[in-house]
Amino acid sequence: MKTGCMIRGRRILLVPYEKELVKKYHNWMENEELREQTASTRLTLDEEYAMQEEWMRDENKATFIILESGDVQKTFEDAMIGDINLFIDEENRCRAELSVMIAEPTARRKGYASEAVRLMIAFGARRLNLTEVFVKIGDENKDSIAMFKRLGFEVVQHSDVFQETELAAPESIVKDFGEFFDANATVSDV
């Protein structure tokens, strides 16, 4: 979806996934471990460009690239550390699945994913009228499961078949993140 904005948090900036950022994203997704953790399929560069265009047109997907905002000398591409997405339920537009990836190893375990999740949920609540947000995480990704639990998400389902845990943010958490957004974020039109 065309979000029409970028979101500045305390230490990160969420920017729309534009064509200029596809090449670095594609390079990340060449990493087999990242593809496994994100349940992604390997694509060619041309397929990645086509996917980016499709996602920008899809009204049920909000995709942002996560940038480290500390070094103003860096280009957006150089500052890229990951991505975050909301997949809006077509039948219940107040509900969405969230996914987040910190692709740059040097940016992991620094709180960037937690901040991005708070900002994205708050953006969803404030701009998209979301009241329900959930994640599905492979059981082997224990760090991610632990992070979502620290953020207040609760386990709602486990699939032994898919070896996956589903966690959801209680509605009160979604509201709390809205207050976090109001106090810690700046939204700029692009």
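Refer to the preceding data block for the structure.
Just so it is clear, the structure is predicted and the values come from calculations on it, not from any experiment.

Thresholds, definitions, all that
Residues numbered from 1 in each chain as written. Predicted model: local features only at pLDDT ≥ 70, side-chain atom pairs only at ≥ 80, totals over all residues. Heavy atoms only, no water. Helix = DSSP H or I, 4+ residues; strand = E, 2+ residues; numbered from the N terminus. Buried < 20%, exposed > 50% of the residue type's maximum accessible area, 1.4 Å probe, protein only. Expected span 1.5 Å × (residues − 1). Arc of directions from axis to C-beta. Contact = heavy atoms within 4.5 Å. Pairing = 2+ DSSP bridges. Axes fitted to C-alpha atoms, helices over the stretch in contact; angles between N-to-C directions. Lys, Arg positive; Asp, Glu negative; His and termini not counted. Salt bridge = Lys/Arg side-chain N within 4 Å of Asp/Glu carboxyl O. Phe/Tyr/Trp six-rings, centres within 6.5 Å; stacked < 30°, edge-to-face > 60°.

1. Structural notes on unusual backbone geometry
Leave glycine aside and you will find that most residues have negative phi; peptide bonds, for their part, are mostly trans.
Line of reasoning, step 1. Non-glycine residue Arg 109 carries a positive phi angle of around 65°.
Line of reasoning, step 2. With respect to the helices, strands and loops of the structure, Arg 109 is situated in the loop between strand E5 (95-102) and helix H5 (112-128).
Line of reasoning, step 3. Judged by its relative accessible area of 75%, Arg 109 is exposed.
Line of reasoning, step 4. For Asn 129, which is not a glycine, the phi torsion comes out positive at approximately 60°.
Line of reasoning, step 5. Summarising the element assignment, Asn 129 is placed in the loop between H5 and strand E6 (132-138).

2. So, helix H3 (residues 45-57)
Line of reasoning, step 1. Between the first and last C-alpha of H3 there are 19 Å, a value that for 13 residues agrees with the 18 Å anticipated at 1.5 Å per step.
Line of reasoning, step 2. Among the residues making up H3, those that are buried are Glu 48, Gln 52, Trp 55 and Met 56. End-on, the buried residues of H3 take up no more than an arc of 100°, which puts them together on one face. Those residues of H3 that are exposed and aimed more than 90 degrees away from the buried face are Asp 46 and Arg 57.

3. Points about the environment of Val 117
Line of reasoning, step 1. Tracing the chain through its elements places Val 117 in helix H5.
Line of reasoning, step 2. Take Val 117: its relative accessible area is 0%, and that puts it in the buried class.
Line of reasoning, step 3. Residue contacts for Val 117: discarding those within four places in its chain leaves Ile 84, Leu 98, Val 100, Met 147, Phe 148, Leu 151 and Phe 153.

4. So, the sheet that holds E6
Line of reasoning, step 1. Pairing in this open sheet of 9 strands is mixed, and the strands run E7-E8-E6-E5-E4-E3-E2-E1-E9 from one edge to the other. Of all the strands in the sheet, just strand E7 (154-159) and strand E9 (186-189) have a single pairing partner and so form its edges. The mean inter-strand angle of the sheet, taken between neighbouring strand axes irrespective of direction, is 25°.
Line of reasoning, step 2. The pairing of strand E3 (residues 61-68) with strand E4 (residues 80-88) spans 7 bridges and is classified as antiparallel. Within E4, the residue paired with Thr 63 across the bridge is Asn 85.

5. With respect to H5
Line of reasoning, step 1. Taking 1.5 Å as the rise per residue, H5 with 17 residues should run 24 Å; its terminal C-alpha atoms sit 23 Å apart, in good agreement.
Line of reasoning, step 2. Counting buried positions over the 17 residues of H5 gives 14, a clear majority of the element.
Line of reasoning, step 3. Backbone geometry just downstream of H5 places Asn 129 in the positive-phi region, at approximately 60°.

6. Side note on the side chain of Arg 35
Line of reasoning, step 1. Its place among the elements puts Arg 35 in helix H2 (residues 32-37).
Line of reasoning, step 2. One buried charged residue, Arg 35, remains without a salt bridge, the closest side chain of opposite sign being Glu 32 at 4.9 Å.
Line of reasoning, step 3. Not counting chain neighbours up to four residues away, the residues in contact with Arg 35 comprise Met 29, Glu 30, Ser 40, Thr 41 and Arg 42.

7. Notes on the pattern of salt bridges
Line of reasoning, step 1. Inspection of the entire model under this criterion finds 8 salt bridges.
Line of reasoning, step 2. The salt bridge involving Arg 11 is made with Glu 115; its shortest N-O contact spans 3.8 Å. With Arg 11 in the loop between strand E1 (5-8) and strand E2 (12-16) and Glu 115 in helix H5, this pair connects stretches of sequence that are 104 residues apart.
Line of reasoning, step 3. We classify Arg 11 as partly exposed; its relative accessible area is 36%.
Line of reasoning, step 4. Its salt-bridge partner being Arg 95, residue Glu 132 comes within 3.4 Å of it at the nearest N-O pair. A residue pair is termed long-range when its members are at least 10 positions apart, and Glu 132 in strand E6 and Arg 95 in strand E5 qualify at 37 residues.
Line of reasoning, step 5. Taken together, the shared-partner salt bridges in this structure form one network comprising Asp 89, Arg 95, Glu 132 and Glu 166.

8. Describing the packing of aromatic side chains
Line of reasoning, step 1. Tallied over the full model, the rule gives 5 aromatic pairs.
Line of reasoning, step 2. When the centroid spacing of 6.1 Å and the interplanar angle of 65° are considered together, the rings of Tyr 25 and Trp 28 count as edge-to-face. Of the two residues, Tyr 25 and Trp 28 both sit in helix H1 (residues 22-28), 3 residues apart, roughly one turn of that helix.
Line of reasoning, step 3. An aromatic cluster of three or more residues is present, and its members are Tyr 17, Tyr 25 and Trp 28.

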